[in-house]
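Per-entry structural report
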2 protein chains.
Amino acid sequence: MALGAAGKVERWGVFDLALNGPAAGNPFVDVRIGARFRYRSRAVDVDGFYDGAGIYRVRFMPDEIGEWSYTTSSNVAALDGRTGSFEAAAPSPDNHGPVRVRYTTHFAYDDGTPYVPIGTTCYAWTHQGDRMEEQTLATLRAAPFNKMRMCVFPKSYTYNANEPVYYPFERDPAGKNDLARFNPAFFQHLEKRIRDLAALGIQADLILFHPYDRWGYAAMPPEANDRYLRYTVARLAAYRNVWWSLANEWDLVKTKNVADWDRFFRIVEESDPYQHLRSIHHSVVMYDHAKPWVTHVSIQGSDLEKSREYVAQYRKPVIYDECKYEGNLPQRWGNISAQELVRRFWLGTVSGAYVGHGETYLDPNDVLWWSKGGLLHGESPQRIGFLRKILETAPAEGLNSLSTYYLGAGQAGRYYLFYFDVNQPAEYTFDLANGPYHADIVDPWEMTISSVPGTFSGKFTMKLPGKPFLAVRFEKVD
Amino acid sequence: MALGAAGKVERWGVFDLALNGPAAGNPFVDVRIGARFRYRSRAVDVDGFYDGAGIYRVRFMPDEIGEWSYTTSSNVAALDGRTGSFEAAAPSPDNHGPVRVRYTTHFAYDDGTPYVPIGTTCYAWTHQGDRMEEQTLATLRAAPFNKMRMCVFPKSYTYNANEPVYYPFERDPAGKNDLARFNPAFFQHLEKRIRDLAALGIQADLILFHPYDRWGYAAMPPEANDRYLRYTVARLAAYRNVWWSLANEWDLVKTKNVADWDRFFRIVEESDPYQHLRSIHHSVVMYDHAKPWVTHVSIQGSDLEKSREYVAQYRKPVIYDECKYEGNLPQRWGNISAQELVRRFWLGTVSGAYVGHGETYLDPNDVLWWSKGGLLHGESPQRIGFLRKILETAPAEGLNSLSTYYLGAGQAGRYYLFYFDVNQPAEYTFDLANGPYHADIVDPWEMTISSVPGTFSGKFTMKLPGKPFLAVRFEKVD
């Protein structure tokens, strides 16, 4: 999933228009720049941004193959009324466009290719310096993840005492922010990492605000928050692998109220011509995910079976972005076993939801994957990869909850995946219409799939291994 | 815990007065027999019962050492005004009296010896014939359990198709019950088994009604229910190891309403001179355990952490009598793994509650411990025995919930037992006033207790093994 060959723009790639303009005053505040892009009779209005050193940019992600034209608009004459055109080529084989909600509670890329989110979490990985960041990317290359939860702002928290390499705003020598002046180098670096993720087929689930802060980014005045959102969306929205997560633990950000978060959502929705996915993550109190600008439900919680209720309530995709992390920290949120995390992935899956990974093993240098990236040490990722392969061969329409006695999900009459959790029946009577089905016993921890001889139809009793934490998969025989 | 040497009555043993009376008519209905027992200035009124073949009995459990006298009363002259006396001797070493509520949410025997309920379940074990019943007793002799949930009535249910040896009421050849005539042989057999349990130090948690019925015992008219309760209490209350469980799954007994259950409780309370423990067990809808005649809370549920709420709400002891069974049945209630059952025992324990065992492994002859008894096949009983030993060396005042971040219970300033469940911290900072403490790492599955070198006081960080399902115990150094 390269964003597009150099000098060539492809469908869902990035067209980047750079213009020279005034560097005096405060271009971030004083200068408005944008463009109207046209494809045949259609017009798409896009905000541009100041990139420092007198350079203004308008970035655009064409969603059609063919000729696009544009006309800039600005309150500065030199940037106003500039026109041009370019040809959007067919996308590269790994470029399927941005991820959208599909089949109500699932996802697909814009070209219809199914997308099954298998996320991980490295909140502050882009603030660790190139050496560790490259190591993180190398780790991701061999890992099963296709979504990354990551913060725009640096992070101040336990195990996170280091200063970032870049700051998002200009700072004076005493560390005082000039919130009216962004630091282009900060954003250029962030963009590079988003492109790196795109090249690995990983969605960047960008967290726009968070409470873990010692620099003042969690307590900016409203106009600075709004300007930051508009600037960030103008810079990043053309990258097809961007998702907007309005916050991590929004309810712990004590400087903002619900009306603020509503306004932030609307700013992002209004500013993003491509309508990337939008959600918000909580600690204890959930933001109302029924609000129309929320595209999917982002959950912190350990009660994976409850995802069935969320799916039924919101009729949107549900992702347990944080169900606690594999690790050995003193803190409850950071020390569940690999077995328990794998179990939670399966519980969420057979409840019709999606689950995210994180890893928090104590490290003498405080390099914990969950925040800084680096290396993975745990035993869950390969099992999560095993689950991903199963899901990627499941129906494109996704797995919907179909059974609650033993949790099972699938597409009725075509595909069923049951997970038996702590239950260990030695036999079970299934009742599956529209057979015959082929059956497999799946061991999520041992990562084995054992075909059951014969085919199955209607009501039948199947012998099972009588071991806990197993699954059974039924696939319609064509 | 023998009930007392033959011919000799001891404190909390059974004085059994047998009198000859009329056998004609229906003595169960026509004849009232009782006695007033006196110890110094105190009087205790006790109901007697007809035991068939013209024999009437009044059973009495003296709770004081010394001379007791009695005077019978009856509506039949031959049974009225009979007097006598006997000497109650000091109890045998294993006889500590009946179990009472103590320290609000815990139990102790009447002599003050702590009692930690470690229950199991063989609902219909007394209906299987002597050979299997003796096998059950032999199994119990080597098992860790000191409470048995068992039904008075026989059981008709899946895996329970066999007829009982004895029926509680007279039946005609067509199987029609005469609900006005009890079958003394049925009750004599039940009493024998209650005495057998007493000899093993096991409390008989007698279930008076249940819904699993094909003989009509779940659908008797009110006067038959009331007479059955009075007769059963008159026969059995003198056995010190009896508890009254008004029902199993009361909410599935569709023939009775809440007012009926209230009345049943009051009949038992009014009829039992010794005030044995009383509770009632549910399927989905809980009976209101706040009612004054309920001595302790009997729970069906898998959410062991919720026991903290029950303890706080009712201020009575809480027993999870049914948290699902170790086994391999198709049914969810009968197939959790041994590991999961042991985990639930620990979760309940460190939440300030008690937990019961059951076992349901498929058997070609449908002999499942949970109902018929026989042999134990599982891996949880020995681990439950390991927990019992830990609890029996814990403070006599019981374990109260003291910590909810990681679940921990104990007696503040003296004793703490933390259980880490799926969490696997490699270190943790405890803060324990009133030290120093000795610490042990406890592995509930491997059944090991590893002493941690040194002693601990105040706030300190302890290295932990970084494995899930471990516990840490702190005991005050004297």
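Residues numbered from 1 in each chain as written. Chains lettered and ligands numbered in written order. Predicted model: local features only at pLDDT ≥ 70, side-chain atom pairs only at ≥ 80, totals over all residues.

Looking at the overall build of chain A
Helix and strand content of chain A: 9 helices and 27 strands. Since a compact globule built from 478 residues should have a radius of gyration of about 23 Å, the 24 Å found for chain A is in line with a globular shape. The dimensions of chain A, computed from C-alpha atoms along their principal axes, are 80 × 55 × 40 Å. The burial tally for chain A puts 48% of its 478 residues in the buried class. The long-range fraction of contacts in chain A, counting pairs at least 24 apart against all pairs at least 6 apart in sequence, stands at 68%. (Helix = DSSP H or I, 4+ residues; strand = E, 2+ residues; numbered from the N terminus. Rg over C-alpha atoms; globule rule 2.2 N^0.38 Å. Buried ≥ 20, exposed ≤ 12 C-beta atoms within 10 Å, placed from the backbone. Contact = placed C-beta atoms within 7 Å.)

Considerations on unusual backbone geometry
Cis geometry is adopted by the peptide bond preceding P436 of chain A, which originates at G435 of chain A and carries an omega value of 5°. Examined against the element boundaries, P436 of chain A turns out to sit in strand β25 (residues 427-443). Located in the positive-phi region is Q275 of chain A, a residue other than glycine, with phi close to 55°. Counting through the fold element by element, Q275 of chain A comes out in the loop between α5 (258-271) and β16 (278-279). By C-beta crowding, Q275 of chain A is classed as partly exposed, having 14 other C-beta atoms within 10 Å. Positive phi, close to 55°, is recorded for D421 of chain B, a residue that is not glycine.

Some remarks on the domain arrangement of chain A
According to the domain assignment, chain A consists of domain 1 (15-88), domain 2 (99-392) and domain 3 (420-476). Distance between the C-alpha centres of domain 1 of chain A and domain 3 of chain A: 57 Å. (Domains from an automatic or database assignment.)

Things to note about the relation of the copies chain B and chain A
With an axial shift of 0.1 Å and an RMSD of 0.0 Å, the rotation relating chain B to chain A amounts to 180°. The two molecules are tied by a two-fold rotation axis, judged by turn and shift. Judged by C-alpha distance, D303 of chain B is the residue of chain B that lies nearest the rotation axis, at 5.7 Å. With an isologous cut-off of 70% or more, the 100% of interface residues of chain B that recur at the interface of chain A puts this contact in the isologous class. (Least-squares fit on C-alpha atoms with pLDDT ≥ 70 in both.)

A look at the confidence of the model for chain A
Residue and element names in this part refer to chain A. The share of residues in chain A with pLDDT of 70 or more is 99%, and the mean pLDDT across the chain is 96. Note that pLDDT drops below 50 for residues 1-6; the model gives that stretch 18 contacts with residues more than four away or on any other chain. Among the scores for the predicted complex, ipTM is 0.90 and pTM is 0.94. (pLDDT = per-residue confidence, 0-100.)

Details of the packing of helix α4 (residues 222-236) of chain B against helix α5 (residues 258-271) of chain B
Residues and elements named next belong to chain B. Contact geometry for α4 and α5: axes closest at 9 Å, N-to-C directions at 30°. The pairing of α4 with α5 is recorded here as roughly parallel in orientation. At the point where α4 passes α5, the crossing takes the right-handed sense. Contacts between α4 and α5 involve P222, N225, D226, L229, R230, V233 and A234 from the former and D260, F264, I267, V268 and S271 from the latter. Residue composition of the contact of α4 with α5, by class: 7 nonpolar, 2 polar and 3 charged. (Axes fitted to C-alpha atoms, helices over the stretch in contact; angles between N-to-C directions. Parallel < 35°, antiparallel > 145°, perpendicular 65-115°, else oblique. Left-handed = near helix turned anticlockwise from the far one by under 90°. Nonpolar A, V, L, I, M, F, W, Y, C, P; charged D, E, K, R; others polar.)

Here's the deal with the sheet that holds strand β18 (residues 318-322) of chain A
All names here are of chain A. Pairing within the open sheet is parallel, and its 3 strands lie in the order β17-β18-β20. The strands lining the two open edges of the sheet, one partner per strand, are β17 (297-300) and β20 (354-355). Here β17 pairs with β18 via 3 bridges, running parallel. Looking at the pairing, V297 lines up with V318 of β18. Running at roughly 135° to β18, helix α6 (residues 307-314) makes contact with β17 and β18 of the sheet. (Pairing = 2+ DSSP bridges.)

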